[in-house]
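Residue-level structure breakdown
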Amino acid sequence: MNKFHYFMPTEILCNQDVVRENSIIFKSLGNKACIMTGANSSKKNGSLNDTIYSLEKENIEYIVFDSVEENPTLENIINAFNRVKEEQIDFIIGIGGGSPIDASKALAILLKNPDMDPYEIFEISNLDSIPVVAIPTTAGTGTETTPYAILTDNRVGTKRNFNQKVFPKYALLDPSYLIGTPDEITINTAIDALSHLIEGYLSVDANLFSDFTAEKGFDLFNDCVDSLIANDFPYAIRERIMLASTLAGVVISQAGTSLPHGMGYPLTYHHKIPHGKANGLLLKAYLNFCYENLNLRSKVETILDLLEFDTIDQFGQFIKQIMPNNCNISESDLRKYTLSMMKNEGKLKKHEGLVEEKDIYEIYINSLTL
Ligand code: NAP
Ligand code: ZN
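Please read all numbers here as calculations on a predicted model, not as lab measurements.

A few words on the nonpolar core. Grouped together as the largest cluster of nonpolar side chains are 63 residues, with contacts concentrated most on I191, I198, L202, L259 and F315. Ranked by the residues each element gives to this core, the list is headed by helix α12 (residues 275–293), at 10 residues. Leave out the neighbours within four places in its chain, and L202 touches Y286, L287, C290, L296, K299, V300, I303, K350 and H351. Grouped together as the second largest cluster of nonpolar side chains are 30 residues, I89, I109, M116 and F122 included.

In C-alpha cells:
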C-alpha cells in the first residue's frame, strides 16, 4: 500500500467563466490553435464562443474541426489530421465530452509525429505530443485529468485506449456548460464518473492519494444521488457532479479502470449502448463479485457507506431506477464478449489474476439478461 508513484501534471482551474477569464493561458501555448469539438453541443452551451472570445482577445489564430464523432474512430481523427497538418498548429483545445477531448489527445500525437503510420498510435508507446487544453462539457469521463484516449479501432472491432500518455496541460472547468444537458446524458455520464471512482478504488493499483481522492469523489457523488433520481439538476449539483468526475479522472489516472470498462466496450461497439450506461449496468454485479470473491469487502463497504446505501442490492435499485435495462443481448454474444475480455490483460491485472472466465460471464449474465 505504501509503495507507489503519483503523477498528475494537469493544471486545473474551476469557476464560472473560467475560459473567458483565463485567456492568458492560451497565449502561453502558442500562436495557432486547433479546436476539436462535436457537431452541436459546444455551439449551444457557450463553450465554443467563450473559447473563440479568449483566442481572439489574445490574437491567437484558430481552426475549428467540429466533426468529432461520439466514440471517435481513428479514421475520424485522421480526417482532422489531414485537414490541419500543414497549418503549423501549436496546441489543441478539446471542447465537449470525452469524445472530442480524447480525439484532441490523439491528434496532438499525430501532429507531433506527422510521419508515423497513424495506426501505430496503438502500438508504439510514449510518443510526444503537442499541448492539449481540455474544456469538458459533460461530467463523466474525467478525461481532462487522465492521460488516456479511448478510440474506436475498427480493425480489431472494439474500443481501446491508445498506447500513449497525454495529460492535458490545462483543464478548464465551468459547470455552467452542463446546464441544459439532456437528463439521459447527465445520468449516463455521471454514472461513468461513478464507475471510475469504484473501479479505481477497487484496483490493485490504488494508492493512498488515489484513495483519498476517490473517497472525496464518493462524498460529492452522494450529494447528487437524489437529484439523479429526480432528474433535477440545479447549478450546485452540476458543479458537484463535475468535480466528482474530475476527481474520478485523477483516480483512474493512477489506478486505471478494470472489469466494467473492459466489459462495457463491446456493449458500446456492437450494441450502441452509451459508454456510461454500459458501465453502469455492470456495476452491481461487479460490486457483488468484488465483495464475495476478492479480498475487497471492507473497501466495498466503505463505498456503500460513503454513498449511503445499506447494501449492494440497494445500490443496484438506485442504478435500476435511473438507468433502465432495455438491452436484450443474447447469451451467445455475451459468451463472445467474455472470451474477448479474458484477453484484456490490462484490465484483468487490476485484480491480480483472480478473475476467471466464469466470473466475467456471470457478471454479464447477472447484469444484462432481462
Ligand atoms: P461524448 O461521446 O463526448 O458525447 C455524447 C453526446 O453528448 C454527444 O451527442 C455530444 O454532442 C453531447 N454533449 C456533450 N456535451 C453536452 C452538453 N453540455 N449538453 C448537451 N449535450 C452535450 O460523451 P462522453 O460520455 O462525455 O464521452 C464518452 C467517450 O469518452 C467514450 O469514447 C469513452 O470511451 C471516453 N472515455 C474516455 C476516458 C479517458 O480517460 N480518456 C474515460 C472514460 C471515457 P456533440 O457531439 O454535439 O458535442
Ligand atoms: Zn469511462
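This part takes up the packing of aromatic side chains. Geometry of an aromatic ring pair is reported as the spacing of the ring centres plus the angle between the planes. Inspection of the entire model under this criterion finds 9 aromatic pairs. An aromatic cluster is present here, built from F4, Y6, F209 and F212 joined pairwise through their rings. Here R160 stacks its cationic end above the ring of F122, 4.3 Å away from the centre of that ring.

Attention now moves to the coordination of the zinc ion (ligand 2). The zinc ion (ligand 2) binds to the protein through D192 (OD), H196 (NE2), H261 (NE2) and H275 (NE2), with metal-donor distances spanning 2.1 to 2.2 Å. Around the zinc ion (ligand 2) sit 4 donor atoms, and with donor-metal-donor angles ranging over 84 to 172° the site reads as irregular. For the zinc ion (ligand 2), the single-chain donor residues occur in sequence as D-x3-H-x64-H-x13-H. In this pair, H261 sits in helix α11 (residues 259–271) while H275 sits in helix α12, placing the two residues 14 residues apart along the sequence. H261 gets classed as buried once you look at its relative accessible area, which sits at 2%.

In this section: the site of ligand 1. Lining the immediate environment of ligand 1, one finds 29 residues, of which S41, S99, T137, T138 and T146 sit closest. Residue T143 places a side-chain N or O atom 3.1 Å away from a nitrogen atom belonging to ligand 1. Between T181 and ligand 1, the recorded distance is 3.5 Å, taken from a side-chain N or O atom to a nitrogen atom. Out of a free accessible area of 940 Å², ligand 1 has 89% covered by protein chains. Elements with a contribution of two residues or more to the shell around ligand 1: α6 (98–112) and α7 (183–202). Residues of the shell around ligand 1, tallied by class, amount to 8 nonpolar, 17 polar and 4 charged.

Looking now at the packing of α7 against α12. Close contact between α7 and α12 brings their axes to 8 Å; oriented N to C, the two are set at 35°. You can see that α7 and α12 cross each other, and the crossing is left-handed. Counted together, N188, I191, D192, L194, S195, H196, I198, E199 and L202 of α7 and H275, G276, K277, N279, G280, L283, Y286, L287 and C290 of α12 form the full contact between these two elements. Taken together, the residues of the contact of α7 with α12 sort by class into 8 nonpolar, 7 polar and 3 charged.

This part covers the pairing of strand β8 (residues 170–173). Taking every second residue as pointing to the same face, both faces of β8 are buried, with Y170 and L172 on one and A171 and L173 on the other. Bridging between strand β5 (residues 132–136) and β8 involves 2 bridges; their strand directions are parallel. Within β8, the position partnered with A134 by the bridge is A171.

Attention now goes to a nonpolar patch on the surface. A cluster of nonpolar side chains, contributed by F4, Y6, L208, F209 and F212, occupies part of the molecular surface with about 440 Å² of accessible area. Its location among the elements puts Y6 in the segment before β1 (11–14). When its relative accessible area of 32% is taken as the criterion, Y6 is described as partly exposed.

Rules of the game
- Residues numbered from 1 in each chain as written.
- Chains lettered and ligands numbered in written order.
- Predicted model: local features only at pLDDT ≥ 70, side-chain atom pairs only at ≥ 80, totals over all residues.
- Heavy atoms only, no water.
- Core = buried A, V, L, I, M, F, W, Y, C linked by side-chain atoms within 4.5 Å.
- Buried < 20%, exposed > 50% of the residue type's maximum accessible area, 1.4 Å probe, protein only.
- Helix = DSSP H or I, 4+ residues; strand = E, 2+ residues; numbered from the N terminus.
- Contact = heavy atoms within 4.5 Å.
- Phe/Tyr/Trp six-rings, centres within 6.5 Å; stacked < 30°, edge-to-face > 60°.
- Lys NZ or Arg CZ within 6 Å of the ring centre and 35° of its normal.
- Donors = N, O, S within 2.8 Å, 3.2 Å for Na, K, Ca; no water.
- Tetrahedral: all angles 85-135°; square planar, octahedral: opposite > 155°, others 65-115°.
- Near = heavy atom within 4 Å.
- Polar contact = N/O pair within 3.5 Å; in protein donor to acceptor, adjacent residues only side chain to side chain.
- Areas by Shrake-Rupley, 256 points an atom, 1.4 Å probe, with all protein chains shown as cover.
- Nonpolar A, V, L, I, M, F, W, Y, C, P; charged D, E, K, R; others polar.
- Axes fitted to C-alpha atoms, helices over the stretch in contact; angles between N-to-C directions.
- Left-handed = near helix turned anticlockwise from the far one by under 90°.
- Pairing = 2+ DSSP bridges.
- Patch = residues over 30% accessible without salt bridge, like charges linked within 9 Å, V, L, I, M, F, W, Y side chains within 5 Å.
- Salt bridge = Lys/Arg side-chain N within 4 Å of Asp/Glu carboxyl O.

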